[in-house]
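Listed here are the chains, written in short residue letters.
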Amino acid sequence: MELTIRPRRLRENERLRKMVRETRMDKSSLIYPIFVQEGVNIKEEIPSMTGQYRYSPDKFPYALEELLKAGIDKIMLFGIPKEKDAVGSQAYAEDGIVQKALRIAAEKFPEMYLISDVCMCEYTSHGHCGVLNGQDVDNDPTLKLLAKTALSHVQAGAQMVAPSDMMDGRVSAIREILDQSHYQNIPIMSYAVKYASAFYGPFREAAGSAPSFGDRKSYQMDFHNKREAIKEALLDVEEGADIIMVKPAMSYLDVVSEVKNKINLPVASYSVSGEYAMVKAGAKLGYIDEERIICEMAASAYRAGTDVYITYFAKELARFMDEGRIG
Ligand code: PBG
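Scope of this entry: the structure provided in the associated data block. (Residues numbered from 1 in each chain as written. Predicted model: local features only at pLDDT ≥ 70, side-chain atom pairs only at ≥ 80, totals over all residues. Heavy atoms only, no water.)

**A word on the layout of surface pockets**
Next, step 1: Considering only enclosed or pocket space, the largest pocket measures out at about 580 Å³ in volume.
Next, step 2: What lines the largest pocket is a set of 19 residues, and nearest its centre among them are Arg-17, Arg-21, Thr-23, Ala-299 and Gly-327.
Next, step 3: Within the residue set of the lining of the largest pocket, elements represented by two or more residues are helix H1 (14-19) and helix H10 (290-304).
Next, step 4: No other element matches the 7 residues that H10 contributes to the lining of the largest pocket.
Next, step 5: Partitioned by chemical class, the residues of the lining of the largest pocket number 6 nonpolar, 3 polar and 10 charged.
Next, step 6: There is about 200 Å³ of room inside the second largest pocket.
Next, step 7: Around the second largest pocket, the lining is made up of 16 residues, and of these Met-166, Asp-168, Ser-218, Tyr-219 and Glu-232 lie nearest the centre.
Next, step 8: Listing elements by their share of the lining of the second largest pocket, those giving two or more residues are strand E7 (136-137) and helix H7 (227-239).
Next, step 9: A per-element tally of the lining of the second largest pocket places H7 first, with 4 residues. (1 Å grid on protein atoms, 1.4 Å probe; cavity = no way out; pocket = protein on both sides within 12 Å on 5 of 7 lines; lining within 4 Å. Points joined across faces, edges and corners; volume = space filled by probe spheres on them. Helix = DSSP H or I, 4+ residues; strand = E, 2+ residues; numbered from the N terminus. Nonpolar A, V, L, I, M, F, W, Y, C, P; charged D, E, K, R; others polar.)

**A few points about the site of the ligand**
Next, step 1: Around the ligand, the surrounding shell holds 20 residues, and the nearest of these are Lys-194, Arg-204, Lys-247, Ser-273 and Tyr-312.
Next, step 2: Asp-117 places a polar side-chain atom, nitrogen or oxygen, 3.4 Å from a nitrogen atom of the ligand.
Next, step 3: Residue Lys-247 places a side-chain N or O atom 3.5 Å away from a nitrogen atom belonging to the ligand.
Next, step 4: Alone, the ligand offers 400 Å² of accessible surface; in the complex the protein occludes 100% of this.
Next, step 5: When its residues are assigned to classes, the shell around the ligand shows 11 nonpolar, 3 polar and 6 charged. (Near = heavy atom within 4 Å. Polar contact = N/O pair within 3.5 Å; in protein donor to acceptor, adjacent residues only side chain to side chain. Areas by Shrake-Rupley, 256 points an atom, 1.4 Å probe, with all protein chains shown as cover.)

These values are about where atoms sit, not about what they do.
Right under this line is the structure:
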């Protein structure tokens, strides 16, 4: 056969395959999402997310220790308060659960980089991501509360804030309050491109944050849209975001790629709870090879343009990278 071009030549062995690999990954780009809840002596497994836990503040340091041992030094914090009310006051309470956890982490683990998720849905009695006006989430009054929440996180030790509420103008509102309080150097990672997605199901169970009526479609994006992703991303760039996030990851890699091409900020993608739960469930049934699926999902996210990958599999991925199975 006279075949001049034989793509298989470069696939002949692992050494060659690794040499010409197009996508390379590094543990330093991984962020682990973690849940803290009020109480003592709690390490409670989340039923729909096998292997993920809710920690009370006293147990939380053990989780951080484990992460650092695994080579993961960035976390994103979610809180589950004891009490919820219509205006989500525990979201911005000085002694709120996230604020408490941040103080502990900042004091005991200075080597851990602390990012906080800024939203109201875990703290409101109705489960929506802001204050209500009738049945609707009232955008502008919500901005003040989000800004207050972000500031309280930073005062408690957050080194980066990540607003996930999808209100219009929240990045500006947060930037303004942080700047006024001399936190000009605290970056904002904006959940700029966040779709209304069934992939958040297990998270809502974990955080008890499902809306008590209606859905989030009047603020989170319609999953039929891609150009709108650029509209949202550009707006947040103008408002002062430092990192643009696309969420979920797996079913939205075309969006990740588009954002990467059009926006000149680092792009984060969030492999959400539903992605995690599907892998765990499939593996438990013996239908898929969990480890290989984790690697493939991560590599595809990076291949699409992800710079920063937020995943419940961060510890596993770190190990796979160390073992040279991925990276
Ligand atoms: C809060 C928030 C959610 C997630 C991250 N921040 C839930 C939601 O929007 O309903 C989802 C994360 C996941 O599913 O892993 N607004």
